[in-house]
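If you want the building blocks of each chain, they are given just below.
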Amino acid sequence: MKVIQITPSIGQEDSGPSYSVQRLFDELLSLEVDADLATLNLKLDSNFKKANIYTFPCNFHPRLGHSRLMNAWLHKRVRSFKNLVIHNHGMWQSNAIYSSKLKSKYNLKLLISPRGTLSSWSLNNGNVLAKKIFGNLFQRNALSVADCIHATSISEYEDIRKLGFKNPVAIIPNGIDTTELSAIPEKDRTVLFLGRIHKKKGIEMLLNAWKRLNSKYPDWKLKIIGSDKDYYGREGYKDFLVNMVSSQNIKGVVFSEPLFGEKKNKEYRNSSVFILPTYSENFGMTVIESLAQKTPAIVTHGAPWKDLETHNAGWWVPISEDAILNALDEALKAGKDELLRMGSNGFKLVEKAYSWQSITKDMLNVYGWISGDINSRPSCVMID
């Protein structure tokens with residue numbers, strides 16, 4: 001079996017899909033799976049080179065993700081293999097169209113990972129008109145021909161079914177690598193938001209809630225770490241938030257530039273609580289990143305993190321300013337020992353449920369099932 005993965009970009013380090021797609025691909029190669037990854041060269045160094053990863057220039061506006069060279073390479077590549085699975089990541093760009101046309105022409109097997117693009121929030125925000133036009137012309141067909149659709153959570157599976165798609169759906173979360181910490185550092189009195197700074201992340205709600213708690217917890221600070229610059233160079237929302245903090249005299253808020261690698265992990269470790277007040281998230285990589293560093297999390301119902309409540313590893317609350325305020329109030333008045341216990345619970349949860357080894361095994365079973373190498377339907381695949 002040959003696997004070719006297609007994704008718009010792997011160059012944005014603070015993007016969850018950029019990490020999770022590459023990490024899945026790395027794990028496939030470690031298991032000696034015959035796999036390639038095709039991507040655009042957006043935000044990649046000119047000297048980027050990695051085994052079995054093929055990069056291509058983008059034609060026209062990056063928002064379209066169109067690459068004549070990628071499309072030509074894919075058509076040439078797929079003709080070389082008989083038992084072939086295409087795994088496409090993301091929608092609303094040309095890569096999804098390429099994969100569906102390849103399936104129609106060459107009768108290969110197709111798995112699509114929408115990566116959160118089918119949530120009601122995503123469909124009703126941004127350029128809604130363009131999404132409706134593009135969706136009706138191309139995207140619905142691209143999804144409808146897929147042999148299987150990959151959802152990272154139950155909520156994303158439900159989004160897929162609400163839109164009327166009847167394809168089999170494999171529910172497989174993203175993963176993370178964990179390392180047992182030799183010692184937990186002394187935690188700062190810090191609540192951390194770390195990630196892409198975008199309207200859908202709910203940061204304005206967070207700031208309004210934080211303002212209402214200023215007088216009660218004057219010795220705590222809120223760190224907002226990340227960039228508002230997207231794949232296409234658009235930015236400005238972070239300046240709006242900085243001005244909001246200044247004009248409303250919201251105290252204890254610190255904005256910082258993005259962090260990566262060990263610097264990012266250290267920030268998680270040193271913070272007492274992580275928060276993701278999002279309106280919409282198919283998974284939320286930053287949540288398992290915080291739990292992997294033994295830091296409990298506050299997450300809204302915009303992300304599928306009921307496990308925080310089930311395993312006493314944090315708070316999972318409705319999408320509202322009041323709900324965020326109440327969770328923050330509980331977290332900030334909790335004792336140090338209680339927060340450490342919750343952080344330890346989160347680490348155990350990540351080790352058990354989100355290891356890349358088990359996730360890649362499930363994905364390989366899905367590849368094998370749709371290609372016919374495996375007869376029995378994997379337990380992670382829903383057909384209702």
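Predicted model only: the values in this text are computed from it and were never measured.

The rules behind each value
Residues numbered from 1 in each chain as written. Predicted model: local features only at pLDDT ≥ 70, side-chain atom pairs only at ≥ 80, totals over all residues. Heavy atoms only, no water. Axes fitted to C-alpha atoms, helices over the stretch in contact; angles between N-to-C directions. Helix = DSSP H or I, 4+ residues; strand = E, 2+ residues; numbered from the N terminus. Left-handed = near helix turned anticlockwise from the far one by under 90°. Contact = heavy atoms within 4.5 Å. Buried < 20%, exposed > 50% of the residue type's maximum accessible area, 1.4 Å probe, protein only. 1 Å grid on protein atoms, 1.4 Å probe; cavity = no way out; pocket = protein on both sides within 12 Å on 5 of 7 lines; lining within 4 Å. Points joined across faces, edges and corners; volume = space filled by probe spheres on them. Nonpolar A, V, L, I, M, F, W, Y, C, P; charged D, E, K, R; others polar. Pairing = 2+ DSSP bridges.

Visitor: Explanation requested: the packing of helix α10 (residues 285-292) against helix α13 (residues 336-353) in the structure shown.
Guide: Pairs of packed helices are described in terms of their axes, by the angle between the two and the distance that separates them. Here α10 crosses α13 at 115°, and the two axes come no closer than 7 Å. Relative to α13, α10 is oriented so that their crossing is left-handed. Counted together, Ile288, Leu291 and Ala292 of α10 and Gly343, Gly346, Phe347, Leu349 and Val350 of α13 form the full contact between these two elements.

Visitor: What should I look at first to understand unusual backbone geometry in this one?
Guide: Excluding glycine, a negative phi dihedral is what most residues carry, and trans is how most peptide bonds are arranged. Within the chain, Asn52 stands out as a residue other than glycine whose phi angle is a positive 70°. Residue position: Asn52 is located in the loop between β2 (34-40) and β3 (53-56). Here Asn52 falls in the partly exposed class, since its relative accessible area comes to 30%. Positive phi outside glycine occurs at Asn107, with the angle close to 60°. Inspection of the secondary structure assignment puts Asn107 in the loop between α3 (94-106) and β5 (109-113).

Visitor: When you look at the layout of surface pockets in this model, what are you seeing that I'm missing?
Guide: If a probe as big as a water molecule is rolled over the atoms, it shows which places are left empty. For the second largest pocket, the calculated volume is near 330 Å³. Along the walls of the second largest pocket sit 15 residues, with Thr152, Ser153, Ile154, Pro304 and Tyr354 positioned nearest its centre. With three residues, the top contributor of residues to the lining of the second largest pocket is helix α6 (residues 154-162). Partitioned by chemical class, the residues of the lining of the second largest pocket number nine nonpolar, three polar and three charged.

Visitor: So what exactly am I meant to see when it comes to the sheet that holds strand β1 (residues 2-7) here?
Guide: Sheet strands associate in pairs through backbone hydrogen bonding, adopting either a parallel or an antiparallel arrangement. Here we have eight strands laid out as an open sheet, ordered β3-β2-β1-β4-β5-β6-β7-β14, and mixed in their pairing. Every other strand in the sheet has two partners, leaving β3 and β14 (381-382) as the edge strands with one partner each. By the bridge criterion, four bridges tie β2 to β3 in an arrangement that is parallel. The residue of β3 that forms the bridge with Leu37 is Ile53. Lying over the sheet, helix α2 (residues 68-78) contacts β1, β2, β3 and β4 (84-89), oriented at roughly 170° with respect to β1.

In short, geometric facts, not functional conclusions.
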